[in-house]
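Results of the structural survey
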Amino acid sequence: MEASDTEEFGVHAGAPIGGSNELLDVGQEDNQVTNSASQDTYRSLCVSFTCISLQMEEFLGPQAEYNEEEEERKYYRRKRLGVIKNVLAASFGAMIVYSVYMGLLQMQLILHYDMTYREVKYSNLGLEDIDRKMLMGINVTPIISLLYTPVLIRFLGTKWMMFLASGIYALFVSTNYWERYYTLVPSAAAIGVAIVPFWASLGNYITRMAQQYYEYVNYREEHVQEQKKLPKGACHRYIIVFQSVFSSIFNVSLRPAFVHPHKWRRASPRLPPPGANITGLIPGFNTTILERLPRSMLLIEVESILMGFAFLAMIIFLLLCGAAYRPTEEIDLRSIGWGNIFQLPFKHLRDYRLRLLCPFFIYSGFETMFAVTGFSLSYGVCVLGLDKLWLLIVVYGLSCSVFSSLSLSLLYFPRWVCLVAGAAVHVTLIVVLLALPLRPNNPEMLGPLLVISALWGLGSALNKTGVSTVLGLLYAEEKERLDFVYAIYHWWQAIAIFIVYLWSNLPMRAKLSILLATLLVACYCYWLMERRLLKKVSFRLPRIPRPRHKVKGYRYLEEDNSDESGSENSDGEEEDGKGDGAEELDREGGGGDQHAASGDSSPAAARRAAEVHHRRRDNVQAKEGESEERPGG
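Residues numbered from 1 in each chain as written. Predicted model: local features only at pLDDT ≥ 70, side-chain atom pairs only at ≥ 80, totals over all residues. Heavy atoms only, no water.

Let's shift gears to the overall build of the chain. Assigned secondary structure in the chain consists of 20 helices and 2 strands. The burial tally for the chain puts 47% of its 633 residues in the buried class. Residue pairs at least 24 apart in sequence account for 87% of intrachain contacts in the chain once pairs closer than 6 positions are excluded. When the accessible area of the chain is evaluated, it comes to approximately 31400 Å², of which 61% is carbon and sulfur surface. (Helix = DSSP H or I, 4+ residues; strand = E, 2+ residues; numbered from the N terminus. Buried < 20%, exposed > 50% of the residue type's maximum accessible area, 1.4 Å probe, protein only. Contact = heavy atoms within 4.5 Å. Areas by Shrake-Rupley, 256 points an atom, 1.4 Å probe, with all protein chains shown as cover.)

Shown next, in the form of structure tokens:
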């Protein structure tokens, strides 16, 4: 019984025991599958993290294919191309601005000269003398420009000054949509305010681009890396090339846009006696010169086209022109004090180089105004008629543009060649104009007058490019003085244009005599300047105060400890001790080394900055360690 019971129990009880073991085996198999899946996932994650870490290490670690010198060379090559782009953009922007200004002014003067047009348009508005007041606003306001031009350039920056001035020219165009005293006269006065800052900032910009190009070509030199003063004559060749390119492009703007006979059909006017014997510009000229009055909608369309080009010039200055100075250099230029900025233009006139170049500055304004008013009207219109005026001015403008490239000869000849050659051409032409017998309505004189116009353009090109280039060569190493120098140059030009505005009623023979006398005096003064420089006579340059870094609103690090107590006071005491009127004597250029924090972002510059930072940090840690050891020791 017991055996059978046992057997029965074993038989019947073994089944569930055996079944339970099979279930346990199934669970163990599921656990093994789950563990193997998790292990596979873990392995794949490990492989992924390993690949990522290897990639990060490869990216952050030293790369065998990375060539620092090659990357640095490519970087500065891009910088040089950027400088060339800046020069071309500034040249085309200035050409467009001046083309718009001259085209609109010529169109308005021709329309307003016609008595019928005046009676039709202005009979009920009382604007009979609007032209005289506009010209007065344009020519009188630049007289005080020397007071505010350096302030505007240093406060706004060179690039933003060009942009703002081009915007004022666009404002002048826009006011012609609604011709009233309260629109035209204020905009004309604004043009007069902006003329000298615009041209001074352009001259400063082109010279500064030449300095930058030299720095990017010679980026390995120690004085370039440390932002020191450039060696004497280092960037002269680039100044010559860039000034020539700028003049060649800009002088295209001297051709008129809206005096072509196919656009304005003119009647044959009664011509006055021409040449050197007349008084005024075109006395006795017939005041009805338009055969048909232009439609108002046509004038609006023309002014809209001019407005579009004015906005295009603003966009070019804003987007295509890079900054002339690094941000830290801009801060240094502004932080010398407003009182010093007001005084320094006048103090720079103590430099005999600028004083002896002033007659050439004045003659530059004289001869330009004589070409576009005296010669073209008193000779061209009175001899050939108003329908040939466009041809004379086109020949003059194209001649200026083409012959501006002759200034490249300064790469191989002395710097006086351009000025002397231009003066010789103009002296010959002035004598010819004084002696040339002319009679009115003489089409046979078209050829000789076109030759005279082309030769006058040759002399103007050599004169203007020569003056700008000589200024750049004399002050090539003085970054902080360029705005003062070019402001003085264009201020004297504006004074000369104002004198031409005042002498409009003088006899033509007297005007030519003044031109000749001014040119001879300018040549003598320039010879005297070169003679003094050859003898190494010391010239006086005003001291530009050291920039105050810790003033309202900005602070940046220098290699020396600018946060050290008493450093600011010592600088101020040093400046006060020397006085605002202190000057330095220099035989070849004056001024010490200019050191400013570099805004360069090249690979080598970043590496050098990192090394300097690590050295400073190590020094600070070493000093802290010494200070901690002293109390315990």
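This part covers the nonpolar core. With 139 residues, the main nonpolar core has Tyr 101, Phe 198, Trp 199, Leu 202, Trp 456, Leu 471 and Leu 512 as its most contacted residues. By residue number, the principal contributor to this core is helix α2 (residues 68-113), which donates 18 residues. Trp 199 has contacts with Tyr 98, Tyr 169, Phe 246, Phe 250 and His 490, leaving out every residue within four places of it along the chain. Membership of the second largest hydrophobic core comes to 6 residues, among which are Val 151, Ile 341, Phe 484 and Ile 544. (Core = buried A, V, L, I, M, F, W, Y, C linked by side-chain atoms within 4.5 Å.)

In this section: the pattern of salt bridges. In the structure shown here, the tally under the stated rule is 14 salt bridges. For the salt bridge of Glu 329 with Arg 326, the shortest nitrogen-to-oxygen distance reads 3.5 Å. Classification of Glu 329 by relative accessible area gives buried; the value is 3%. The closest approach of N and O atoms between Glu 367 and Lys 464, which form a salt bridge, is 3.7 Å. One end of the pair, Glu 367, is in helix α13 (residues 352-384); the other, Lys 464, is in helix α16 (residues 446-474), and 97 residues separate them in sequence. Connected through salt bridges with shared partners, the residues Arg 208, Glu 215, Arg 326, Glu 329 and Lys 479 form a single ionic network. (Salt bridge = Lys/Arg side-chain N within 4 Å of Asp/Glu carboxyl O.)

Let us look at the packing of aromatic side chains. Inspection of every chain in the model, using the stated rule, returns 24 aromatic pairs. Here Phe 361 and Tyr 489 contribute two aromatic rings whose centre-to-centre distance is 4.8 Å and whose plane-to-plane angle is 45 degrees, an arrangement assigned as tilted. Of this pair, Phe 361 sits in helix α13 while Tyr 489 sits in helix α17 (residues 482-502), and the two are 128 residues apart along the sequence. Its relative accessible area of 2% is what places Tyr 489 among the buried residues. One aromatic cluster is present, formed by Tyr 98, Tyr 101, Tyr 169, Phe 172, Phe 198, Trp 199, Phe 246, Phe 250 and Phe 317 through successive ring pairs. (Phe/Tyr/Trp six-rings, centres within 6.5 Å; stacked < 30°, edge-to-face > 60°.)

Summary statistics for the chain give a mean pLDDT of 78 and a share of 71% for residues scoring 70 or more. Within the chain, the lowest mean pLDDT, 40, falls on helix α19 (residues 567-578), and the highest, 94, falls on helix α18 (residues 508-534). This stretch, residues 1-20, has a pLDDT under 50; its non-local contacts, to residues over four places away or in other chains, come to 3 contacts. Low pLDDT (under 50) marks residues 257-269, which in the prediction has 33 contacts with non-local residues, meaning those over four places away or in another chain. (pLDDT = per-residue confidence, 0-100.)

What the rule picks out here adds up to 0 disulfides. Cysteine Cys 525 is unpaired, with the sulfur of Cys 358 as its nearest cysteine sulfur at 9.1 Å. When its relative accessible area of 13% is taken as the criterion, Cys 525 is described as buried. (Disulfide = S-S within 2.5 Å.)

To continue, consider unusual backbone geometry. One non-glycine residue with positive phi stands out, namely Lys 536, at about 60 degrees. Within the secondary structure, Lys 536 is located in the loop between α18 and β1 (539-542).

What follows covers the environment of Ile 497. With respect to the helices and strands, the residue Ile 497 is situated in helix α17. Given a relative accessible area of 27%, Ile 497 falls into the partly exposed group. Sequence spacing of Ile 497 and Ile 138 is 359 residues, and the spatial spacing of their C-alpha atoms is 10.0 Å.

This next bit is on α17. Spacing of three or four residues puts side chains on the same side of an α-helix, whose turn is 3.6 residues. Here α17 spans 31 Å end to end across 21 residues, near enough to the 30 Å set by a 1.5 Å rise per residue. Most of α17 is tucked away: 16 of the 21 residues are buried. (Expected span 1.5 Å × (residues − 1).)

Helices that pack against each other are described as a pair by the angle of their axes relative to one another and the distance between those axes. Between helix α14 (residues 389-403) and α16, whose axes approach to 7 Å, the crossing angle comes to 35 degrees. For the element pair α14 and α16, the recorded crossing hand is right-handed. On α16, the residues that touch Leu 391, Leu 392, Val 395, Tyr 396, Ser 399, Cys 400 and Phe 403 of α14 are Leu 446, Leu 449, Leu 450, Ser 453, Ala 454, Trp 456, Gly 457, Leu 458, Ser 460, Ala 461 and Leu 462. Residue composition of the contact of α14 with α16, by class: 14 nonpolar, 4 polar and no charged. (Axes fitted to C-alpha atoms, helices over the stretch in contact; angles between N-to-C directions. Left-handed = near helix turned anticlockwise from the far one by under 90°. Nonpolar A, V, L, I, M, F, W, Y, C, P; charged D, E, K, R; others polar.)

To find the voids left in a structure, one rolls a probe of water-molecule size over its atoms. Under the defined criterion, the tally for this structure stands at 3 cavities of 30 Å³ or more. For the largest cavity, the calculated volume is near 80 Å³. As for the largest cavity, its lining consists of Phe 370, Ala 371, Val 372, Phe 375, Ser 376, Leu 392, Ile 393, Tyr 396, Ile 452, Ser 453 and Trp 456. At 5 residues, the largest contribution of residues to the lining of the largest cavity is made by α13. In this structure, the second largest cavity encloses a volume near 40 Å³. Lining the second largest cavity are Ile 153, Arg 154, Gly 157, Thr 158, Asn 204, Tyr 325, Glu 330, Leu 333 and Asp 483. Along the lines of polarity and charge, the residues of the lining of the second largest cavity split into 3 nonpolar, 3 polar and 3 charged. (1 Å grid on protein atoms, 1.4 Å probe; cavity = no way out; pocket = protein on both sides within 12 Å on 5 of 7 lines; lining within 4 Å. Points joined across faces, edges and corners; volume = space filled by probe spheres on them.)

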